[in-house]
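# Analysis of the macromolecular model
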Amino acid sequence: MARRARSGVARMLNPAFALLDRMAEARPELGPQRYGVVSACDGGLLEVSGLALPIGAQCRVAHGRGALWAEAIGFRNGRTLMMLLGDPVLLRPGARVRPEGRPGMLPVGPAFLGRAVDGEGHPIDGGAPIVADTEWPGGGVRAGALDRAPVRVPFDVGVRALGALTTFGVGQRVGIMAGSGVGKSVLLDMIAHGAEAEVVVVALIGERAREVSDFVERHMTGARAARSVIVAVPADHAPNLRLRGALLATSMAEAFRAEGRRVLLIMDSLTRVAHAAREIALLLGEPGAARGYPPSALATVTKLVERAGNSAASGGSITGIYTVLADGDNQDDPVVDTARAILDGHIVLSRDLAQRGQYPAIDIAASLSRVMTDVVDPAHAALARHFRALVATYEANRDLVLMGAYRAGTDPQLDRAIAMHARLTAFLAQPQSEIVPLPAALAQLEALLAHEG
């Protein structure tokens, strides 16, 4: 009896036993296997003849002693168009292409908690292989508009300015918009560190490999690692692999939401996802429309964002935080404009504030949470509006004040804003390692505005 008990414990602790059990239950296909051949290669785009596959199917391409992976992205003139997931060096004409796996399905489940994986779900943290027992459609499970529960509960992110002045809600989708080097990744880091969620799924899409390793080192330690999943696809990977990473992270969040969990989905960045979708669309011959972005690239952003939110059926939620890169600090960039239209709020980071040394450099007058009035009481909303008015009044007259052209007493609102400017700025600033819960942020806001002047 004791020996049998020890054997059972060993099987639970050793993931290899689970893999062996699955292999024992698997039924090999003994029939003839289909394959096609590479007819043409244009960069990373392959034309494969003799193999009809649905879009999204993955294939193994014979590659000398090894193999390459490719994904079906379209078909034309009786040939399947595929995009390589790796480097086409040494690929030869006539190479055999064999389908692998189930088209459109991605691995998900609790086995990924505490792990960092690539766009295909393979571990990149040096740990053991991941055995996922659950699959989820890469395109998501479409739900009706009335199947989404409304946003009514505040979501604490641990950042004082966001909690007090642009309060988020559970199930909200928020964009962090800024140019390069203004602090989007740092603010995301603060949110990932201080947010209250049962599961945190982080997608690092198209970012520098150094940022990926730094993020994993900071967040995959201690108790937080047990509730976190990181999907990382750096900028030097193929565009379809970058897009697949975004779909994998969103599918994982959906699977956890279906279990009734409160999920925080962080994606850095939505713009890199749009760039990947643009590369694929242009390879397929789709014309560029809005500043070089084909319509399908912007539609990809919309479909991805719409998958977050609350579920009335399971009671779970996905609160989505997406960074959006404003190329050249242009807030009218097509991706920025599309994201602003579909998201439930946006946080704008200002380069001018960053250059003055204010971090996080949140332009509170330009930032907005569309659900704040639904998740906070009227007194809190009134205090936030008062704070915004003071900041906006000072910024609108900043040049006059600095030049000494303003005469005190002309505008009582501006007089109050000038007197409180240092305290307002100090309230918006926060060290990266500090966490300010929502109740503390509201108490500090009340104390600040109670003694204005």
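No experiment lies behind these values; they were computed from the predicted model shown.

Criteria and cut-off values
Residues numbered from 1 in each chain as written. Predicted model: local features only at pLDDT ≥ 70, side-chain atom pairs only at ≥ 80, totals over all residues. Heavy atoms only, no water. Helix = DSSP H or I, 4+ residues; strand = E, 2+ residues; numbered from the N terminus. Rg over C-alpha atoms; globule rule 2.2 N^0.38 Å. Buried < 20%, exposed > 50% of the residue type's maximum accessible area, 1.4 Å probe, protein only. Contact = heavy atoms within 4.5 Å. Areas by Shrake-Rupley, 256 points an atom, 1.4 Å probe, with all protein chains shown as cover. Lys, Arg positive; Asp, Glu negative; His and termini not counted. Charge placed at Lys NZ, Arg CZ, Asp CG, Glu CD. pLDDT = per-residue confidence, 0-100. Axes fitted to C-alpha atoms, helices over the stretch in contact; angles between N-to-C directions. Parallel < 35°, antiparallel > 145°, perpendicular 65-115°, else oblique. Left-handed = near helix turned anticlockwise from the far one by under 90°. Nonpolar A, V, L, I, M, F, W, Y, C, P; charged D, E, K, R; others polar. Pairing = 2+ DSSP bridges. Phe/Tyr/Trp six-rings, centres within 6.5 Å; stacked < 30°, edge-to-face > 60°. Lys NZ or Arg CZ within 6 Å of the ring centre and 35° of its normal. 1 Å grid on protein atoms, 1.4 Å probe; cavity = no way out; pocket = protein on both sides within 12 Å on 5 of 7 lines; lining within 4 Å. Points joined across faces, edges and corners; volume = space filled by probe spheres on them. Core = buried A, V, L, I, M, F, W, Y, C linked by side-chain atoms within 4.5 Å.

### So, the overall build of the protein chain
Within the protein chain, the secondary structure is distributed over 16 helices and 19 strands. Against the compact-globule benchmark of 22 Å for 453 residues, the protein chain has a radius of gyration of 25 Å, which places it among compact chains. Taking all 453 residues of the protein chain together, the buried fraction comes to 48%. In the protein chain, once contacts between residues fewer than 6 apart in sequence are set aside, the share between residues at least 24 apart is 71%. Put simply, the protein chain shows about 21200 Å² of open surface, and 55% of that area lies on carbon and sulfur atoms. Positive and negative charge centroids in the protein chain, built from 47 and 46 side chains respectively, lie 6 Å apart.

### Concerning the confidence of the model for the protein chain
Across the protein chain, the average pLDDT comes to 86, with 91% of residues at or above 70. Note on residues 1-12: pLDDT under 50 across the span, and three contacts to partners over four residues away in sequence or across chains.

### Focus: the packing of helix α13 (residues 378-396) against helix α16 (residues 438-450)
Where α13 contacts α16, the two axes come as close as 10 Å, and the packing angle between them is 60 degrees. Judged by the angle between their axes, α13 and α16 are oblique. Seen from above, α13 lies across α16 with left-handed handedness. Between α13 and α16, the contacting residues are His-380, Leu-383, Ala-384, His-386, Phe-387 and Leu-390 on the first element and Leu-438, Leu-442, Leu-445, Glu-446, Leu-448 and Leu-449 on the second. Looking at the contact of α13 with α16 residue by residue, the classes come out as nine nonpolar, two polar and one charged.

### Some thoughts on the sheet that holds strand β5 (residues 79-84)
Judged by pairing direction, the barrel is antiparallel, and its six strands sit side by side in the order β1-β2-β5-β4-β3-β6 before closing back on the first. Within this sheet the neighbouring strands show an average axis-to-axis angle of 45 degrees, counted without direction. Where strand β1 (residues 36-42) lies against strand β6 (residues 96-100), two bridges are found, and the strand directions are antiparallel. Within β6, the residue paired with Val-37 across the bridge is Arg-96. Running over the sheet, helix α7 (residues 239-258) touches β3 (58-63), β4 (66-76) and β5 and is turned about 80 degrees from β5.

### Let's talk about the packing of helix α9 (residues 295-306) against helix α10 (residues 334-342)
Contact geometry of α9 with α10 gives a least axis separation of 10 Å together with a crossing angle of 30 degrees. In terms of orientation, α9 and α10 fall into the roughly parallel class. Here α9 runs over α10; the crossing is right-handed. Counted together, Leu-298, Thr-302, Val-305 and Glu-306 of α9 and Pro-334, Val-335, Thr-338 and Ile-342 of α10 form the full contact between these two elements. When grouped by side-chain class, the residues that make up the contact of α9 with α10 number five nonpolar, two polar and one charged.

### Some words on the packing of aromatic side chains
Taken as a whole and assessed by the stated rule, the structure comprises one aromatic pair. Relative to Phe-427, the ring of Phe-387 lies with its centre 5.3 Å away and its plane at 50 degrees, an arrangement referred to as tilted. Taken as a pair, Phe-387 in helix α13 and Phe-427 in helix α15 (residues 412-428) lie far apart in primary sequence, 40 residues in all. A relative accessible area of 0% means that Phe-387 is categorised as buried. Since its relative accessible area comes to 6%, Phe-427 is described here as buried. Of note, Arg-160 hangs over the ring of Phe-427, and the distance from its end group to the ring centre comes to 5.6 Å. Over the ring of Tyr-293 we find Arg-278; its NZ or CZ atom is 4.5 Å from the centre of that ring.

### Some remarks on empty space enclosed by the protein
Taken as a whole and judged by the stated rule, the model has two cavities of 30 Å³ or more. Roughly 70 Å³ of volume is contained in the largest cavity. Looking at side-chain class alone, the lining of the largest cavity contains six nonpolar, two polar and two charged residues. Together, Val-182, Gly-183, Val-186, Leu-349, Tyr-359, Pro-360 and Ala-361 line the second largest cavity.

### Overview of the pairing of β3
Bridge analysis of β3 against β4 gives six bridges, and the strand direction is antiparallel. Residue His-63 lies in a different strand from β4, and its bridge partner there is Gly-66. Two strands pair when backbone bridges link them, and β3 and β6 are joined in this way by four bridges, in the antiparallel orientation. The residue of β6 that forms the bridge with Cys-59 is Pro-99.

### Notes on the nonpolar core
Counting residues in each nonpolar core, the largest one holds 62 residues, and the members touching the most others are Ile-191 and Phe-387. Among the elements that take part in this core, α13 stands out by supplying seven residues, more than any other. Residues within four places of Phe-387 in sequence aside, it is in contact with Leu-165, Leu-424, Phe-427, Leu-428, Leu-445, Leu-448 and Leu-449. By size, the runner-up hydrophobic cluster in this structure holds 55 residues, among which are Phe-112, Val-263, Val-324 and Leu-343.

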